[in-house]
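Summary of structural features
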Amino acid sequence: MSGQPAAGQHWQAEGYARHAGFVPALGGDVLALLAPQPGERILDLGCGDGVLTLRLAEAGAQVTGLDADPSMLEAARAKGLAVVQGDAHEPLPGGPYDAVFSNAVLHWMRDAPRVIANVFNALRPGGRFVAEQGGFGNIAAIVTALNAARAERGLPPLSPWDYPSPTTQTRRLEAAGFRVAAMQLIPRPTPLPTGLAGWLETFAAPAMADMAVQDRPAFLTRVAALLPALHDPAEGWIADYVRLRFAAVRP
């Protein structure tokens, strides 16, 4: 995740907290699956602004956050957290760990087998890898609308995110040497606090990387026009999220 992630996304901590604060807010279930214990050495892979990292520290874990984005790391440090800048496609620093934790990050990493192998190597025997990410079918309607709007401009379709099925992710983990203890695909329609426009502002940069800056507002307006099925007149915009939550153990 150093510099620019393979998916082509940069972050801005204040905007992320405003438009996508629901991401760590909905992280309670994957934290419960991790069940951090006092004194455990835990790496929060893709810690972002440190909201969940702080919860790990409050549980008594000796937690280190790893992220690529300077803005996010600054926000995490402001919470008093120990964080380092790094790329999960490279060997992970500071191991061996009792656990590696990750929430809503793995789908941005385009070489999943390499990342999983690095996690395996960073764990002690018996250490666990617990994560939640976008799963098969995640934001399928949004991706379809993004690519339809690109096609109208003569641009090729993109698939910038990795949303694996349970079978695919299980095979990846087992190929790296993990024993998979839990794997669940979870549909989770998610209200968007600042609407579809806020979501697109925060997450859709990969779909606009090959567009002129002045063309992007009209593109996003067109994407929203293609997605009336995600707008409820009473509840507003609701994204078609599907999450993949898993736990794996290094033997």
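Our subject is the structure that appears above.
Residues numbered from 1 in each chain as written. Predicted model: local features only at pLDDT ≥ 70, side-chain atom pairs only at ≥ 80, totals over all residues. Heavy atoms only, no water.

1. Observations regarding the overall build of the protein chain
On a plain count of helices and strands, the protein chain comes out with ten helices and eight strands. When the 251 residues of the protein chain are sorted by exposure, 52% land in the buried category. In the protein chain, once contacts between residues fewer than 6 apart in sequence are set aside, the share between residues at least 24 apart is 76%. Surface exposure of the protein chain reaches about 10700 Å², of which carbon and sulfur atoms provide 57%. (Helix = DSSP H or I, 4+ residues; strand = E, 2+ residues; numbered from the N terminus. Buried < 20%, exposed > 50% of the residue type's maximum accessible area, 1.4 Å probe, protein only. Contact = heavy atoms within 4.5 Å. Areas by Shrake-Rupley, 256 points an atom, 1.4 Å probe, with all protein chains shown as cover.)

2. Side note on the pattern of salt bridges
Going through the model one piece at a time under the given rule, you end up with ten salt bridges. Across the pair Arg-114 and Glu-90 runs a salt bridge, and its minimum N-O distance is 2.8 Å. With Arg-114 in helix H6 (residues 112–122) and Glu-90 in the loop between strand E3 (83–85) and strand E4 (97–103), this residue pair connects regions lying 24 residues apart in the sequence. For Glu-90, a relative accessible area of 36% corresponds to the partly exposed category. (Salt bridge = Lys/Arg side-chain N within 4 Å of Asp/Glu carboxyl O.)

3. Topic: the nonpolar core
By size, the foremost hydrophobic cluster in this structure holds 24 residues, and its most contacted members are Ile-142, Leu-146, Trp-199, Leu-200, Phe-219 and Val-223. In this structure, Leu-200 is in contact with Leu-146, Leu-220 and Val-223, ignoring residues within four places of it in sequence. (Core = buried A, V, L, I, M, F, W, Y, C linked by side-chain atoms within 4.5 Å.)

4. Points about helix H5 (residues 70–77)
Of the residues making up H5, those classed as buried are Met-72, Leu-73, Ala-75 and Ala-76. Seen from one end, H5 has its buried residues packed into an arc of 160°, which puts them on one side. Away from the buried face of H5 by more than 90 degrees, exposed residues Pro-70 and Glu-74 are located. Where H5 begins, the side chain of Asp-69 points an oxygen toward the backbone nitrogen of Ser-71, at a separation of 3.0 Å. (Arc of directions from axis to C-beta. Polar contact = N/O pair within 3.5 Å; in protein donor to acceptor, adjacent residues only side chain to side chain.)

5. Examining the packing of aromatic side chains
All chains considered together, the criterion is met by seven aromatic pairs. A centroid spacing of 5.1 Å and a plane angle of 90° characterise the contact between Phe-120 and Phe-178, whose relative ring orientation is edge-to-face. Pair noted here: Phe-120 is in helix H6 and Phe-178 is in the loop between helix H8 (166–176) and strand E6 (179–191), with a separation of 58 residues, a long-range link. Classification of Phe-120 by relative accessible area gives buried; the value is 14%. Assessed through its relative accessible area of 4%, Phe-178 is described here as buried. On the basis of an interplanar angle of 50° and a centroid distance of 5.1 Å, the ring pair of Trp-199 and Phe-203 is categorised as tilted. (Phe/Tyr/Trp six-rings, centres within 6.5 Å; stacked < 30°, edge-to-face > 60°.)

6. Brief notes about the environment of Phe-120
Spatially, the C-alpha atoms of Phe-120 and Pro-96 are 9.6 Å apart, while their sequence positions differ by 24 residues. Residue contacts for Phe-120: discarding those within four places in its chain leaves Ala-176, Gly-177, Phe-178, Arg-250 and Pro-251.

7. Concerning the pairing of strand E5 (residues 123–134)
In terms of burial, E5 is largely enclosed, as nine of its twelve residues are buried. Pairing of E4 with E5 involves six bridges; the strand directions are parallel. By the bridge assignment, Tyr-97 is partnered in E5 with Leu-123. Handedness of the crossover is the feature at issue here: the chain leaves E4, passes through H6, returns alongside E5, and the resulting connection is right-handed. Bridge analysis of E5 against strand E8 (residues 236–249) gives seven bridges, and the strand direction is antiparallel. Opposite Arg-128, over in E8, you have Val-249 as the bridge partner. (Pairing = 2+ DSSP bridges. Right-handed = clockwise from strand over helix to strand, strands pointing away.)

8. What to know about the packing of helix H7 (residues 140–152) against helix H10 (residues 216–225)
Between H7 and H10, the shortest axis-to-axis distance is 9 Å and the interhelical angle comes to 125°. Here H7 lies oblique to H10, going by the angle between them. Relative to H10, H7 is oriented so that their crossing is right-handed. Along the contact surface, H7 presents Ala-145, Leu-146, Ala-149, Arg-150 and Glu-152, while H10 presents Phe-219, Arg-222 and Val-223. Here the residues of the contact of H7 with H10 sort into five nonpolar, no polar and three charged. (Axes fitted to C-alpha atoms, helices over the stretch in contact; angles between N-to-C directions. Parallel < 35°, antiparallel > 145°, perpendicular 65-115°, else oblique. Left-handed = near helix turned anticlockwise from the far one by under 90°. Nonpolar A, V, L, I, M, F, W, Y, C, P; charged D, E, K, R; others polar.)

9. Regarding unusual backbone geometry
The amide bond that connects Gly-95 to the next residue, Pro-96, takes the cis arrangement and shows omega of 5°. Turning to its location among the elements, Pro-96 is positioned in the loop between E3 and E4. For Ala-35, which is not glycine, the phi torsion reads 50° and is therefore positive. In this structure, Ala-35 sits in the loop between helix H3 (28–34) and strand E1 (41–45). Ala-35 gets classed as partly exposed once you look at its relative accessible area, which sits at 34%.

Function-wise, these values are silent; they only describe arrangement.
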